[in-house]
Amino acid sequence: MSEPLRIGILGAARISGASLIGPARATGHRVVAVAARDRNRAEAYAAEHGVERVAGSYAELIADPEVEVVYNPLANGLHGPWNLAALAAGKHVLSEKPSASNAEEAAEVREAAAKAGTVFMEAFHYLFHPVTRRLHEVLASGEIGELRHVEAMVAIQAPPDTDPRWSLPLAGGAVMDLGCYSLHALRMLAPWAGGAPRLVSARGGQRTGAPGIDEWLDADLAFPGGATGSARCHMAYDGLEMSCRIIGSRGEVLAPNFVLPHTDDRVVVRTGDGERTERLGTRSSYTYQLEAFADRVRGGAPLPLDADDAVTTMTLIDAAYRAAGFEPRPRLS
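Structure report, in brief.

## Structural notes on the packing of aromatic side chains
- Applying the stated rule across the entire model yields 6 aromatic pairs.
- On the basis of an interplanar angle of 85° and a centroid distance of 5.5 Å, the ring pair of Phe124 and Tyr181 is categorised as edge-to-face. Of this pair, Phe124 sits in the loop between β6 (120–122) and α6 (130–141) while Tyr181 sits in helix α7 (residues 174–187), and the two are 57 residues apart along the sequence.
- You can call Phe124 buried: its relative accessible area is 0%.
- Judged by its relative accessible area of 6%, Tyr181 falls in the buried class.

## Observations concerning the environment of Thr162
- Among the structural elements, Thr162 can be located in the loop between β7 (147–155) and α7.
- For Thr162, a relative accessible area of 74% translates into the label exposed.
- Residues Thr162 and Ala75, spaced 87 residues apart in sequence, show a C-alpha to C-alpha distance of 13 Å.

## Quick notes on the sheet that holds strand β3 (residues 53–54)
- Read across the sheet, 6 strands follow the order β3-β2-β1-β4-β5-β6 without closing on themselves; strand pairing throughout is parallel. Looking at the sheet topology across the chains shown, the edges are occupied by β3 and β6.
- Of the strands in this sheet, β1 (6–10), β4 (69–72), β5 (92–95) and β6 are in contact with helix α4 (residues 79–88), which crosses β5 at around 165°.

## What about α7?
- Over its 14 residues, α7 runs 18 Å from end to end, which matches the ideal 20 Å to within 8%, given 1.5 Å per residue.
- Of all 14 residues that make up α7, 14 are buried, and the element is covered over most of its length.

## A look at α6
- Helix length check: α6 (12 residues) gives 16 Å between terminal C-alpha atoms against 16 Å at 1.5 Å per residue, within 8%.
- Within α6, burial applies to Pro130, Val131, Thr132, Arg134, Leu135, His136, Val138 and Leu139.
- Buried residues along α6 sit against β7, β11 (241–248), β12 (251–255), β13 (266–271), β14 (274–279) and α8 (285–299).
- Downstream of α6 by a residue or two, Gly142 has a phi angle that is positive, lying close to 85°.

Calculation rules
- Residues numbered from 1 in each chain as written.
- Predicted model: local features only at pLDDT ≥ 70, side-chain atom pairs only at ≥ 80, totals over all residues.
- Heavy atoms only, no water.
- Phe/Tyr/Trp six-rings, centres within 6.5 Å; stacked < 30°, edge-to-face > 60°.
- Helix = DSSP H or I, 4+ residues; strand = E, 2+ residues; numbered from the N terminus.
- Buried < 20%, exposed > 50% of the residue type's maximum accessible area, 1.4 Å probe, protein only.
- Pairing = 2+ DSSP bridges.
- Contact = heavy atoms within 4.5 Å.
- Axes fitted to C-alpha atoms, helices over the stretch in contact; angles between N-to-C directions.
- Expected span 1.5 Å × (residues − 1).

Encoded structure:
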């Protein structure tokens, strides 16, 4: 393989073990540094995960000449500011989604990425897994006919009340954490739907005790070719659901868990000829993502995600919030 990426992680987030450190180990890339607000926590994290060293602060990590890629899994409200800082330092950036708190800030990140000339990508890892690729292949093949309707639902049980995902200043909410996947999955069907979807309507419910925070939100969309879409999310659900169902004029294709396909790798195709289940492999979607990101950084290979895509997604998120009676997330003050 080409020279390993040298990656620095902002924060000692639990997700990084699965979303970056494991994939880096599996693909031969180096995690050279981690920084956290609490140095002791960062040192314990580095020891647990085999990170090479600890940086004294986020700013110190970004300034480190050995760090060439910055991975940003911080709370949503910290995505924009630290993405901007990393890009200004000339780093490649892999940012957890969404890339910013709102579309205005996402546009600033896009400008910073263009100015830096480095690779910027929002971590919609699901898109790189064979499960999602297979959904698209089945639709493109014509097996289920013309696209008529798509339903994406991403729901989890409620995080603790102290979780930053319930914090408006930290740009929390169900759409920011979960619904971004539903909306993005619908956007990715544009090639088979006559173009990008537009928002028709949305409704949502506020979290008790958390003003301005959406506990759930349902958005209705329409594609230029006449197909419709439903993008739903719920952050206090009675279970886990992360499904995507694509309905055509002659059948349908379903991924029971398109967001974490390595935990359920089924794709179910139903037509007049019957039903079949395909299994696409339990290798992590995060590992596929890191490979694709590295291929772009090292070899210039194309990516399906960039800063333009991030702005488009964030614009749709803001529109869904407004249509459901919420305000877009504020920038970190």
